[in-house]
Each structure stands twice: as C-alpha cells, then as structure tokens.
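# Examining the three-dimensional arrangement
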Amino acid sequence: MLKIENLSTSYKTIDGDIHVLKDINFEIKDNEIFGIAGESGCGKTTLLNTLYDIVDYPLVIDQGRVVLEGEKDGKKYSFESGKIRDTWWNNIAYVPQAAQSVLNPIVRLKTQFLDSIPKDQKKNEKPEETLARVADYLKELNLSPDVLESFPFQLSGGMRQRAIIALATFMSPGVVLADEPTTALDVVVQKGILMMLMRLQKQLKNTMIIVSHDMGVHYQITDRMAIMYSGSIAELGKTEDIFNDPIHPYTKMLVDALPRVGEDVQRVGIAGRPPALKNPPPGCRFAPRCPHATDRCRSEVPKFREIRPGRFAACHLLEEEVKTNG
Ligand code: SF4
C-alpha cells in the first residue's frame, strides 16, 4: 500500500517557490490499478516522481510524506520518502514515459537487464543463470527471449516499451508506477501495452499506478482513479463512478467533453486554462473556470473530504451532501 500524507512540494527557483503539490492525502490499496489523470501541468508527473522518491533539488518536499508498506516473501516492509529509493526494483518499480530515453540504444538488452538487477537479487548466480530466468519471465509475458540479443535501436517503440515493462516487473515489486505508458504509440500497440499491464497486475496481484492525460486509458484499465487539478486532487473514487456520475464540477466538465461512440456532436473542451502554479488564484483554483463559483469559492480553499463512502472531492458545493450523509 502507498499512503500519501499531507504532501506538499515546491520547486525552488530564483523567482521564488513554485508550489506544485498542495496538501495531498490519499491511499492507494494493494491489488488495484489506480489512475492519476489531469491536464498537462497539473502536477501528475511531480506526484509520480514523489511517490517513487525522485525528489531532487530544486524539487523539495515542504511537508508530509509518502509511505510504502507491504509484505514480500513472508517479511513485512515499510519505507517512507527519502528511503523508498533503497527498495527500487525490489518493492517498487517505475516505467518511464519514453522507453527509448532509458534504454541505451547501443547496448544489447541482455546487458541492460543484467546491469539493472541488483546484486542481492542475482542470488550468486552466473550471468547465464540470471539470463535464463529473465528469458523464462519474458516467455511468461508472451515476449520472445530473442529480444535479449537485440540492441534497442533494432526494436519498434512498442517492443521497447514491453521490454521496459518486463524489466520493471522482473522482481515482482509490490508497486509499479507507469508514466504515460502509451504515449507516442499507435492505437493498436497502445491496446497491446494496456492489456499487458492488466495481465501483469492480475498475475503479480500487486498495485499498479498509471499516470495518463488520456481518459480513455483510465476507462479501459483502472479500478479507481484521482483527477488532479492545479496541484491538488479534485476528485477520487471508483473509475466507473467517476465516468458515470462525476461529482466535482471539473470532473463533470472533463467527462462531458469526451467524445462518444456513434455520436455526431462536436463536444467542446473546458474553456480557459489551468492557472499558472507560480501565481494561482486564492480560494478554489478551479473558480476562474467553474460555472458554479461563488465569492466563498474565490476566497476559501475547499477541503478534500469523503463525500460518500469511498468517494472523495474538494468542492464547497458538495458540503450539503457531506452534512446529509453525516
Ligand atoms: Fe466550483 Fe466552487 Fe466547487 Fe471550486 S469550490 S469547483 S469554484 S463550486
């Protein structure tokens, strides 16, 4: 499980601090595919980096922490921000946005696999023995072990992405983070990658966290999801509820703007742009684009709270529902 507790981060710049994440609180459970969605610049990638403990200056955690807890081989473990990187690959792994940027194009894949697997995971094996285990694992994923002899530049974008996913999951980590895993791939290859991620999650019974701006990706594979807006979570809940019955005004407009199969109507996007994180408006950051905004919205930040069981949102409008539900 990953717990995100009161998390706020900022980038330190010569022009002042840019507050990217603000008071984020939620939990990602075991054995689920969790999606993080939102427009560009809303803080998705910063959140993912913070979950994976890539917090290097000028990015700084101002308050709060991330806690990674679980059990592997009968032993319980717990790591928090600053220590999560000690368990990279073993208990938490990362599939970056552009696979080609992490694979060295002129080094054979087998060498890159061997270099990436930590020593203690090689169990005093000879390299051929570790590679035999890697080959077996690739077969389990319906990938030909022949790719191990290839250089990345010889592989298609989809194949490189599959290889990276195989590398990230080889040690059965309890949590796998994937940043825009289908970006820059054509639709057919995208579908194959999503199916591979779903199959893997079922096989490993772990937690998979998918960051994507593409709502279609979330609809197809996530169990629960969070909608981010300007550095905070606007709404969080089961994916089917978010799509069928969104409760936050931003989510409603986002879902309304999605094209429907067989529909001949041109849907319009949300007017305006998210605020600059350097100088956000006071109160609710969505107020300048929200058709329901009141004076209160423009001065008071709405609290992120449970509106219905398992359903969270940050909006003053929903307070009545909270009172009614007790
Ligand atoms: Fe709109 Fe106000 Fe709710 Fe913000 S708090 S989403 S401005 S109604």
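Above this text is the structure in question.
Only a predicted model underlies this, so the values are computations on that prediction, with no experimental measurement involved. (Residues numbered from 1 in each chain as written. Predicted model: local features only at pLDDT ≥ 70, side-chain atom pairs only at ≥ 80, totals over all residues. Heavy atoms only, no water.)

Bringing the overall build of the chain into the picture now. Broken down by element type, the chain carries 10 helices and 12 strands. Compactness check: the chain gives a C-alpha radius of gyration of 21 Å against a globular reference of 20 Å for 326 residues, within 12% of the reference. Among the 326 residues that make up the chain, the fraction classed as buried is 47%. A sequence separation of at least 24 residues applies to 62% of the contacts in the chain between residues at least 6 apart. Counting only carbon and sulfur atoms, one obtains 51% of the accessible surface of the chain, whose full area is about 16200 Å². Side-chain charges of the chain comprise 41 positive and 43 negative groups, with the mean position of each set lying 1 Å from the other. (Helix = DSSP H or I, 4+ residues; strand = E, 2+ residues; numbered from the N terminus. Rg over C-alpha atoms; globule rule 2.2 N^0.38 Å. Buried < 20%, exposed > 50% of the residue type's maximum accessible area, 1.4 Å probe, protein only. Contact = heavy atoms within 4.5 Å. Areas by Shrake-Rupley, 256 points an atom, 1.4 Å probe, with all protein chains shown as cover. Lys, Arg positive; Asp, Glu negative; His and termini not counted. Charge placed at Lys NZ, Arg CZ, Asp CG, Glu CD.)

Moving on, we get to the nonpolar core. Counting 38 residues, the largest nonpolar core has L138 and I210 as its most contacted members. The set of elements that each furnish at least two residues to this core consists of β6 (92-95), α3 (109-116), α4 (127-140), α5 (157-169), β7 (175-179), α6 (187-204), β8 (207-211) and α7 (215-221). Sorting elements by how many residues they give to this core places α5 first, with six residues. L2, I4, I209 and V211 belong to the second-largest nonpolar core, a separate cluster that totals 31 residues. (Core = buried A, V, L, I, M, F, W, Y, C linked by side-chain atoms within 4.5 Å.)

This paragraph deals with unusual backbone geometry. Cis peptide bonds are those with omega within 30 degrees of zero, and the linkage from Y57 to P58 qualifies with 15 degrees. Among the secondary structure elements, P58 is positioned in the loop between α1 (44-51) and β4 (59-72). One non-glycine residue, D23, adopts positive backbone phi at about 45 degrees. Despite not being glycine, N142 has its phi angle at roughly 60 degrees, a positive value. Overall, N142 belongs to the exposed group, its relative accessible area being 61%.

This next bit is on the packing of α5 against α6. It is the contact of α5 with α6, at a shortest axis distance of 10 Å, that shows an interaxial angle of 15 degrees. In terms of axis orientation, α5 runs roughly parallel to α6. Remark: the crossing between α5 and α6 carries right-handed chirality. Residue-level inspection shows G158, Q161, R162, I165, A166 and T169 of α5 in contact with α6, the latter providing V189, G192, I193, M196, L197, L200 and L204. In terms of residue class, the contact of α5 with α6 is made up of eight nonpolar, four polar and one charged. (Axes fitted to C-alpha atoms, helices over the stretch in contact; angles between N-to-C directions. Parallel < 35°, antiparallel > 145°, perpendicular 65-115°, else oblique. Left-handed = near helix turned anticlockwise from the far one by under 90°. Nonpolar A, V, L, I, M, F, W, Y, C, P; charged D, E, K, R; others polar.)

As summarised here, the arrangement of the eight strands in space is β6-β7-β8-β3-β9-β10-β12-β11, forming an open sheet in which the pairing is mixed. Edge positions in the open sheet fall to β6 and β11 (304-308), since each of these has one partner strand only. For this sheet, the mean inter-axis angle between neighbouring strands, taken without regard to orientation, is 20 degrees. In terms of strand pairing, strand β9 (residues 224-229) meets strand β10 (residues 232-238) through six bridges, oriented antiparallel. Bridged to I227 within β10 is E235. Docked against the sheet, α5 engages β6 and β7, running at close to 170 degrees with respect to β6. Set on the sheet, helix α9 (residues 249-256) makes contact with β9 and β10; between it and β9 the angle comes to about 105 degrees. (Pairing = 2+ DSSP bridges.)

Next up on the list: the pattern of salt bridges. If you walk through the whole model with that rule in mind, you get 17 salt bridges. The partner of E80 in a salt bridge is R65, with the nearest N and O atoms 2.8 Å apart. Linking E80 in strand β5 (residues 75-80) with R65 in strand β4, this pair joins segments that are 15 residues apart in sequence. Look at E80 and you get partly exposed, because its relative accessible area is 35%. (Salt bridge = Lys/Arg side-chain N within 4 Å of Asp/Glu carboxyl O.)

Right, let's get into the sheet that holds strand β2 (residues 16-28). Strand order across the open sheet formed by four strands is β2-β1-β4-β5, with antiparallel pairing between neighbours. In this open sheet, the two edge strands, each paired with only one partner strand, are β2 and β5. Going from strand to strand, the sheet's axes swing by 15 degrees on average, the running direction of each strand aside. Strand direction decides the pairing type here: strand β1 (residues 2-13) and β4, joined by eight bridges, are antiparallel. When the bridges of β4 are listed, K3 appears paired with V67.

This paragraph deals with the packing of aromatic side chains. All chains considered together, the criterion is met by 11 aromatic pairs. Between F304 and F312, the ring centres sit 5.8 Å apart and the planes meet at 20 degrees, which makes this aromatic pair stacked. For F304, a relative accessible area of 24% gives the class partly exposed. For F312, a relative accessible area of 23% puts it in the partly exposed group. Three or more aromatic residues link up through ring pairs in this structure, and these residues are Y52, W88 and Y94. (Phe/Tyr/Trp six-rings, centres within 6.5 Å; stacked < 30°, edge-to-face > 60°.)

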